[in-house]
Amino acid sequence: MCDTFVYRDNNHKSNSVWFCKNSDREPDEPQLVEYHPAYTGQNQQATTYLNIDVPNQRSAVLLSRPSWIWGAEIGVNEHGVAIGNEAVYTRLIQKTGTALLGMDLLRIALEQAQTAESACNIIIQYLQKYGQGGPAGYRDKKFRYDNSFMVSDHDESFILETAGKFWAKKRVSTMAAISNDLSLTTDYDEISPAAKSFALHKGWWNGKDEFDFRAVFRTRFMPWAARSKQRRECNLRNLQQLSPAAVDEQSFIPLLRAHKRNKPSSNADVCMHAKGLLRPSATTNSMIAKLTTNAMPQVWSSFGQPCQNEFKPVDLTAVSI
């Protein structure tokens, strides 16, 4: 489980965009925070499961990624594009075989895009060409899911949600949060050209009512068990309570450390602690990114569970591998 949110400080003199994510994974899975410089080389790339075609020039990226996965849970690039992904549970999850993981799609976009809009287009392009899917758990190889993405640069932010090879996209004006459930209903700005005809053929849409991406493609049990709605609403409520005139990185740390009952207690906690079969995930890293015009992103990472660690700055101009 995970949570990602964006806060656009459009009305304040700083005119900054804040991008935050908690990465929830199996508690013993190592998660690396690492920098990869800009690269010129081969037109082939080995991802977690597939070899894919890529441009021979790729941008510098800072990633937070599970150690065994090529892609990443969250990252930023040298152009100030930030992306976070969420597991979502749809009718079209690929139950066998391998394709691109959502984390692979995230890294592919960061290595190629110079804007948030182009990052969305790159994710869609690779989704159409290679598909998404494959075992996504560290030990639990039955764990599979589709993906939702929050994508932002200084100028624009988007929610991009997927079900199989279908997608819907919405531009974010001020603030938004996503969790482990589809959130776009009829409010998308763009949608896969074939989504409606596919849903009509499957009998999932009557062809008369307004097309609701979430209602057509989502499943119900996993989002309910994960308390996805409660976590998303918690983040939106906390974002709405921020004072734009006083926002800095410290404003977002309490949000990423939030527990529903002021202590670890349930899947409704934004800061997740694993406990038993019904709560298998823990927040293994948190990241905050400040996106500003004509400057490298500023990034802070908890390098572990956010309620038990200090957030430390990561200087993209100084780090290397």
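Right above here is the structure, for reference.
To keep things clear, this report deals only with the structure shown in the data block. What you see is a predicted model, and the numbers here were worked out from it, not measured in a lab.

Rules behind the numbers
- Residues numbered from 1 in each chain as written.
- Predicted model: local features only at pLDDT ≥ 70, side-chain atom pairs only at ≥ 80, totals over all residues.
- Heavy atoms only, no water.
- Pairing = 2+ DSSP bridges.
- Helix = DSSP H or I, 4+ residues; strand = E, 2+ residues; numbered from the N terminus.
- Buried < 20%, exposed > 50% of the residue type's maximum accessible area, 1.4 Å probe, protein only.
- Phe/Tyr/Trp six-rings, centres within 6.5 Å; stacked < 30°, edge-to-face > 60°.
- Lys NZ or Arg CZ within 6 Å of the ring centre and 35° of its normal.

### Quick notes on the sheet that holds strand β9 (residues 74-77)
Then step 1. Pairing is antiparallel across the open sheet formed by eight strands, whose spatial order is β3-β8-β9-β10-β11-β12-β13-β15. In this open sheet, the two strands that pair with only one neighbour each are β3 (31-36) and β15 (190-191).
Then step 2. Summarising the sheet, strand β10 (residues 82-88) and strand β11 (residues 146-152) pair through seven bridges and their orientation is antiparallel. Across the sheet, residue Ile83 finds its bridge partner in β11, namely Val151.

### Regarding unusual backbone geometry
Then step 1. With phi around 55 degrees, Arg227 is a residue other than glycine that occupies positive phi space.
Then step 2. Although it is not a glycine, Asn262 sits at a positive phi angle of roughly 65 degrees.
Then step 3. When you line up the elements, Asn262 lands in the loop between α7 (249-256) and β16 (282-291).
Then step 4. For Asn262, a relative accessible area of 75% puts it in the exposed group.

### What to know about the packing of aromatic side chains
Then step 1. In total, this model carries 14 aromatic pairs according to the counting rule given.
Then step 2. Among the aromatic residues, ring-to-ring pairing joins Phe166, Phe198, Trp204, Trp205, Phe211, Phe213 and Phe217 into one connected group.
Then step 3. Over the aromatic face of Trp224 sits the side chain of Arg227, whose NZ or CZ is 4.6 Å from the ring centroid.

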